[in-house]
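Each chain, letter by letter, is given below.
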Amino acid sequence: MPMTGAASSLSASPLTLSAPQAGGASRSSEFSTRAEIALHGVYEISKILAVPARLETTLSNVLALLSSFLEMHHGIIALLGDDGSPEVVVGLGWTEKNAKSYFDRLPERAIGQVVTTQMPVVVESVADSPLFADWSPVEWDTDARVSFIGVPIKERDRVIGTLTLDRTWDGRTMVRLDEDVRFLVMIANLVGQTVRLHDVIGRDRERLMSAQRRLEKELSETVRPDREAGIQASGGQGTGVQGIVGASPAIRAVVDKIKIVARSNSTVLLRGESGTGKELFARATHDLSPRRKGPFVKLNCAALPESMLESELFGHEKGAFTGALAQRKGRFELAHGGTLFLDEIGEISPSFQAKLLRVLQEGEFERVGGSRTLQVDVRLVTATNRNLEDAVAKGEFRADLYYRINVVSIALPALRDRREDVDLLASEFLRRFNQEHGTHMALTTSAKNVLEACYFPGNVRELENCVRRTATLAKEPRIVADDFACHHDECLSSTLWKGAIGTGASFKIIPRVPPPPSPTDGPVDAAAARPGACPQSGSCSVAQGDGLSERERLLQAMETAGWVQAKAARLLNLTPRQVGYALTKHNIPVKKF
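Throughout, residues of each chain are indexed from 1 in the direction in which the sequence is written. Where totals are concerned, whole chains, interfaces and linings use all residues; where local detail is concerned, this predicted model gives features only for residues with pLDDT of at least 70, and gives and counts side-chain atom pairs only at 80 or more. Heavy atoms from the whole structure form the basis of all side-chain values; hydrogens and water molecules are not counted.

Caption draft 1: Spotlight on the overall build of the chain. Only runs of H or I of at least four residues qualify as helices and only runs of E of at least two qualify as strands under DSSP, and these elements are numbered from the N terminus. The helix and strand inventory of the chain stands at 20 helices and 14 strands. Throughout, exposure labels follow a simple rule: accessible area from a 1.4 Å probe, protein chains only, divided by the maximum for the residue type, with under 20% read as buried, over 50% as exposed, and the rest as partly exposed. In the chain, which comprises 593 residues, the share counted as buried stands at 49%. The contact criterion used throughout is that any non-hydrogen atoms of two residues lie within 4.5 Å. Once local pairs closer than 6 in sequence are excluded, the contacts in the chain between residues at least 24 apart make up 69%.

Caption draft 2: Inspection of the pattern of salt bridges at higher detail. Salt bridges, as used here, are contacts in which a Lys or Arg side-chain nitrogen is within 4 Å of a carboxyl oxygen on Asp or Glu. A full pass over the atoms with the stated rule returns 25 salt bridges. For Arg367, the salt bridge identified is with Glu317, shortest N-O distance 3.0 Å. One end of the pair, Arg367, is in the loop between β9 (364-366) and β10 (373-375); the other, Glu317, is in the loop between α8 (306-314) and α9 (331-334), and 50 residues separate them in sequence. Looking at Glu317, the relative accessible area reads 18%, which means it is buried.

Caption draft 3: Focus on the nonpolar core. Buried residues of nine kinds, namely Ala, Val, Leu, Ile, Met, Phe, Trp, Tyr and Cys, make up a nonpolar core once their side-chain atoms join them within 4.5 Å. Leu66, Ile149, Ile153, Leu163, Phe183, Leu184 and Ile187 are the most contacted members of the largest nonpolar core, which has 33 residues in total. Only α1 (24-49), α2 (55-69), β1 (74-80), β2 (86-91), β4 (145-155), β5 (158-169) and α5 (178-222) provide two or more residues apiece to this core. Among residues more than four places away in sequence, those in contact with Ile187 are Val42, Ile45, Val62, Leu66 and Leu163. Leu304, Leu313, Phe352 and Val359 belong to the second-largest nonpolar core, a separate cluster that totals 29 residues.

Caption draft 4: Focus on the environment of Pro130. Topologically, Pro130 is positioned in the loop between β3 (121-123) and β4. Each C-alpha atom of the pair Pro130 and Arg109 lies 9.1 Å from the other, and the pair is 21 residues apart in sequence.

Caption draft 5: Geometry of the packing of helix α18 (residues 550-560) against helix α19 (residues 565-572). Axis definition: a line fitted to C-alpha atoms, limited for helices to the stretch in contact. Angles are taken between N-to-C directions and run from 0 to 180 degrees. Here α18 crosses α19 at 125°, and the two axes come no closer than 8 Å. By the angle class used here, α18 and α19 are oblique. Crossing of α18 over α19 shows right-handed handedness. Facing Arg553, Leu554, Ala557, Met558 and Thr560 of α18, the residues of α19 in contact are Gln565, Ala568, Leu571 and Leu572. We call Asp, Glu, Lys and Arg charged. Ala, Val, Leu, Ile, Met, Phe, Trp, Tyr, Cys and Pro are nonpolar, and the rest, Gly among them, are polar. Class assignment of the residues belonging to the contact of α18 with α19 gives a composition of six nonpolar, two polar and one charged. An angle below 35 degrees is treated as roughly parallel, one above 145 as roughly antiparallel, one from 65 to 115 as roughly perpendicular, and anything else as oblique. Crossing handedness is read from the near helix: turned anticlockwise from the far helix by less than a right angle, it gives a left-handed crossing, and turned clockwise, a right-handed one.

Caption draft 6: Local environment of the sheet that holds strand β7 (residues 296-300). We call two strands paired when DSSP finds no fewer than two bridges between them. The sheet built from five strands is open, its strands ordered β7-β8-β11-β6-β12 with parallel pairing. In this open sheet, the two edge strands, each paired with only one partner strand, are β7 and β12 (408-411). Mean inter-strand twist for the sheet, computed between neighbouring axes without regard to direction, equals 20°. In the sheet, strand β6 (residues 268-271) pairs with β12 via four bridges, with the strands oriented parallel. For Leu269, the partnering residue across the bridge sits in β12 and is Ser409.

Caption draft 7: Region of interest: helix α13 (residues 422-437). Helix span, expected: 1.5 Å multiplied by one less than the number of residues in the helix. In this model, α13 (16 residues) spans 22 Å end to end at C-alpha, consistent with the 22 Å of a helix rising 1.5 Å per residue. Every buried residue belonging to α13 is among Val422, Leu425, Ala426, Glu428, Phe429, Leu430, Arg432, Phe433 and Asn434, and all of these are buried. In this structure, the buried side of α13 is in contact with β13 (442-443), α14 (445-453), α15 (459-473) and β14 (478-479).

Caption draft 8: Expanded view of the packing of α8 against helix α10 (residues 350-362). Following both chains from N to C, one finds α8 and α10 inclined at 10°, their axes separated by 11 Å at the closest point. By the angle between their directions, the pair α8 and α10 is classed as roughly parallel. For the pair α8 and α10, the contacting residues are Glu306, Leu309, Glu310, Leu313 and Phe314 in the first and Ser351, Phe352, Lys355 and Val359 in the second. Classifying every residue of the contact of α8 with α10 gives five nonpolar, one polar and three charged.

Caption draft 9: Structural view of helix α6 (residues 249-261). When the terminal C-alpha atoms of α6 are compared, their 18 Å separation across 13 residues agrees well with the 18 Å that a helix rising 1.5 Å per residue should span. Listed in full, the buried residues belonging to α6 are Ile251, Val254, Val255, Ile258 and Val261. Axial view of α6: buried residues confined to an arc of 125°, hence all on one face. Exposed and facing more than 90 degrees away from the buried side of α6 are Pro249 and Ile260. Packed against the buried residues of α6 are β6, α7 (278-287), β11 (379-384) and β12. When we speak of the arc, we mean the arc of directions from the helix axis to the C-beta atoms.

Caption draft 10: Expanded view of the pairing of β1. The buried fraction of β1 amounts to seven of the seven residues, a majority that puts the element mostly inside the structure. Burial of the side chains of β1 extends over both faces: His74, Ile76, Ala78 and Leu80 are buried on one face and Gly75, Ile77 and Leu79 on the other. As defined by bridge partners, β1 adjoins β5 across six bridges and the pair is classed as antiparallel. Bridge pairing links Ile77 to Leu163 in β5. Bridging between β1 and β2 involves five bridges; their strand directions are antiparallel. Looking across to β2, one finds that Ala78 is bridged to Val89. A loop of five residues connects β1 with β2, the two strands running antiparallel in sequence, and Gly84 in this loop sits at a positive phi of about 90°.

Caption draft 11: The sheet that holds β2, seen in detail. Reading across from one edge, β2-β1-β5-β4-β3 is the order of the five strands in this open sheet, with antiparallel pairing throughout. If you trace the sheet from one side to the other, it starts and ends with β2 and β3, each paired once. Across the sheet, the axes of successive neighbouring strands diverge by a mean angle of 15°, strand direction being ignored. Packing against the sheet, α2 makes contact with β1, β2 and β5, and its axis sits at approximately 150° to β1.

Caption draft 12: Region of interest: the environment of Val200. As for its placement among the helices and strands, Val200 is situated in helix α5. Val200 gets classed as partly exposed once you look at its relative accessible area, which sits at 29%.

Caption draft 13: Main features of the side chain of Arg416. Structurally, the position occupied by Arg416 is in the loop between β12 and α13. A distance of 2.3 Å separates polar atoms of two side chains, one belonging to Arg416 and the other to Glu273. Between N or O atoms, a polar contact is any pair within 3.5 Å; within protein, one atom must be a potential hydrogen donor and the other a potential acceptor, and residues adjacent in sequence are included only when both atoms are from side chains.

Caption draft 14: Examining unusual backbone geometry more closely. Located in the positive-phi region is Glu344, a residue other than glycine, with phi close to 55°. Along the chain, Glu344 turns up in the loop between β8 (339-343) and α10. In the Ramachandran plot, Asn587 falls in the positive-phi region, its phi being about 60° despite a non-glycine side chain. In this fold, Asn587 is placed in the segment after α20 (576-585).

Caption draft 15: Structural detail: the pairing of β8. Of all the five residues making up β8, five are buried; the element is thus mostly covered by neighbouring parts of the structure. Burial along β8 is two-sided: Thr339, Phe341 and Asp343 facing one way and Leu340 and Leu342 facing the other are all buried. Note: β7 against β8, five bridges, orientation parallel. Following the sheet pairing, Lys298 is matched in β8 by Phe341. Strand direction decides the pairing type here: β8 and β11, joined by four bridges, are parallel. Residue pairing in the sheet places Thr339 in a bridge with Arg379 of β11.

As structure tokens, this is what we get:
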């Protein structure tokens, strides 16, 4: 290790260590004090390195703490790239730009010796060292004596950076330099381990994000674009729009509106319950627009925390945060010239709403960790199942953002409002099931009657789940009414949605008397022919055409049965669970005797 005499000593404010005293006891005491200070310094810096933060922030905090243990004028931590050029430079009390400028002025021979020898370089007086022959520290007092210490930052056996400091010395204080170097070597080792950990986390994060993007792309190409509203590779049934299945007036009205809106660049807000196929209609808006040759980029705002959401939408610069190993474009950049679909827009936080508003107003933004302003040309389509008007009134959603995204609002019908499409959708889902499993399942008339009688509060997604589950468990290729879970009081949906009936959800009981079973269906039990074939609240018909309202007939039956739900269920030809749902829905308290 090149070392030319003593320069200064390990010190800690307000404690300053003086020159060694005569006598063994005093030297032992002094050594003990220095060792305790060094141990305390290592402990405090290890705590800083253990806190999750942006790497530059962590290194800056390390230098700030080092300055309280060591006298230094300038302190620099530089992390080097594979080509040896500095990638991250952090200085004590400097901005990153100024720190890099100072590091670039340091003699290349001095820094190169630290890197190539993988050993510390110590210079008592830079004015007398050939390593600093061409260096002119203009900011220094010309009468001051400047010393320099540089130690390597290693990752295993490879130098990945340097920790350097310089200081002035008045020539009067007797100090020890060797202990300063040992202390800095320990700190540099800790920094090297932290940088390695950041790299590992960053690579894992980038790998996961790449896998997510690849899977999204594959899914988009294979299932274009999702299963929620009956997508077909060959085109839409009854609508003339690829992927949209349906022939009901409600769905045709939405498609007609989409065709008109798609011709403009206006922002579209798709509103509807979960499972109504909002992403499908967003895709249709893009495919029918002049931007159809551009990219269609989508993002579920509710699936990511705010910190990741900002990076996903706006992108980030290299080193912007832990794991940002390379520059990455955000969804706005990727959607340039095309359409960006933001699902669950009502779930973003108020603070992020302000950031999004600026992009929508100005069409410009900066990547996370960047300062360059980027401009994009993007057509925005958003979707939500929330009541945004209530959210605005409660202060949960910004009014200015609401007006910005709600230029054209399109309400997507729930499945109960397009019941004519149940048969088409069920047949499509069963076709897919057969294609995936190599089977030849078919729906009989009694099976279709069960599906058409159900309420499906989960909309098209729930219908698909019901068809696939029934097809999986059916004993024969021809699916009949008895194959459905609701005929065995095992309907998972009825359990899932029972809590929503008493919370103000607009559920209504749909009276339906199914037609007689087709002779080709085979024998059908009595349960399949009654209106209450499905135990969900929405499919339970209490009205029997006697002029009474549903609530009145329910009350009448409960009074007749002495408020015993099982007896009332038999009177109404329903199950006790259905009666319980209906009581909850109509807010009827159960009398106890």
